[in-house]
Amino acid sequence: MLHILVLFSFLLVSSAHAGVVDFCVADLSAPQGPAGYSCKPPAEVTADDFVYSGLSVPGNYSSLFNAAINLAFVDQFPGLNGLGLSMARADVNPGGVIPMHHHPGASETILIAKGTITAGLISSDNTVYLKTLNEGDIMVFPQGLLHFQMNTGKKHAHIWVFFSSSNPGLQILSNALFSNNLPSEYIEKTTFLDDNEVKRLKALLGGSG
């Protein structure tokens, strides 16, 4: 019940929408600009545009991370367009991890619905803030800062995730380094990793070069 109450509180108080119009349901058939999607004509808006049921189930599990993420961003839930918020569901098995990442366009708040999670963030001066969270605990991750979550308990963990943007963006650090075609020699020079390790990580994460 606690996580449901927090979810509704978040929806009520978190809005960056200007209020010039009542709403701006995203027209997903139009291109997305810096301010988001253009509005669907009001005559075409239905009640279904304000409802999304996709978070009732986990997302697809990653065998590498032993975790699943299911998103409710504007691309999945057009009614969020212009409201300055979005949500996600994370399911993490024991030992699983949401790897080090950041959101360039939003701050993140997590609410532990079930299980035990150790979460941490790193500030721009490289200070680490680390905390073990239990059911009902909330932690915030300021916009743009690297952070992670790991299941350090013995049971499945379920996390509700809230963002301060309808399209917060996502960059996973390990994928940014090793899932692309940046030549290994440059990665080795900039990360101080040896050639064998860089090539191992590239093979693991689908990179080349």
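Refer to the preceding data block for the structure.
Rules behind the numbers
- Residues numbered from 1 in each chain as written.
- Predicted model: local features only at pLDDT ≥ 70, side-chain atom pairs only at ≥ 80, totals over all residues.
- Heavy atoms only, no water.
- Phe/Tyr/Trp six-rings, centres within 6.5 Å; stacked < 30°, edge-to-face > 60°.
- Helix = DSSP H or I, 4+ residues; strand = E, 2+ residues; numbered from the N terminus.
- Buried < 20%, exposed > 50% of the residue type's maximum accessible area, 1.4 Å probe, protein only.
- Pairing = 2+ DSSP bridges.
- Disulfide = S-S within 2.5 Å.
- Salt bridge = Lys/Arg side-chain N within 4 Å of Asp/Glu carboxyl O.

> Would you mind going over the packing of aromatic side chains with me for this structure?
The description of an aromatic ring pair rests on the distance of the ring centres and on the angle between the ring planes. Tallied over the entire structure, the rule returns three aromatic pairs. Taking 5.2 Å as the distance between ring centres and 80 degrees as the angle between the ring planes, the aromatic pair formed by phenylalanine 23 and phenylalanine 50 counts as edge-to-face. Of this pair, phenylalanine 23 sits in the loop between α1 (2–13) and β1 (61–62) while phenylalanine 50 sits in the loop between α1 and β1, placing them 27 residues apart in sequence. For phenylalanine 50, a relative accessible area of 39% translates into the label partly exposed. Where tyrosine 52 meets phenylalanine 77, the ring centres are 5.6 Å apart and the plane angle is 20 degrees; that geometry is what we call stacked. Taken together, the residues span a long stretch of sequence, with tyrosine 52 in the loop between α1 and β1 and phenylalanine 77 in the loop between β2 (67–72) and β3 (86–92) at a distance of 25 residues.

> Just checking my understanding: could you explain the sheet that holds β1 for this structure?
Whenever strands of a sheet pair, they do so through backbone hydrogen bonds, lying parallel or antiparallel. Taken in spatial order, the six strands line up as β1-β2-β3-β10-β5-β8 in an open sheet, and their pairing is antiparallel. Lying at the two open borders of the sheet, with one neighbouring strand each, are β1 and β8 (138–141). Alignment of strand β5 (residues 108–114) against β8, held across four bridges, turns out to be antiparallel. Paired with threonine 109 across the bridge in β8 is valine 140.

> What exactly am I supposed to notice about the state of the cysteines here?
A disulfide bridge is the covalent bond that connects two cysteines by way of their sulfur atoms. Going through the model one piece at a time under the given rule, you end up with one disulfide. Here cysteine 24 engages in a disulfide with cysteine 39; their sulfurs sit 1.9 Å apart. Measuring handedness by torsion sign, the sulfur bridge of cysteine 24 and cysteine 39 sits at about -110 degrees and is left-handed. With cysteine 24 in the loop between α1 and β1 and cysteine 39 in the loop between α1 and β1, this pair connects stretches of sequence that are 15 residues apart.

> Could you clarify how one ought to interpret the pattern of salt bridges in this entry?
It is possible for side chains of opposite charge to pair when their charged atoms get near one another. All told, the structure shown has four salt bridges when counted by the stated rule. Of the charged contacts in the structure, one is a salt bridge between glutamate 197 and arginine 200, with a shortest N-O distance of 2.9 Å. On the criterion of helical spacing, the pair formed by glutamate 197 and arginine 200 is a turn pair, its members being three residues apart in helix α4 (residues 195–205). On the basis of relative accessibility, which here comes to 28%, the residue glutamate 197 falls in the partly exposed class.

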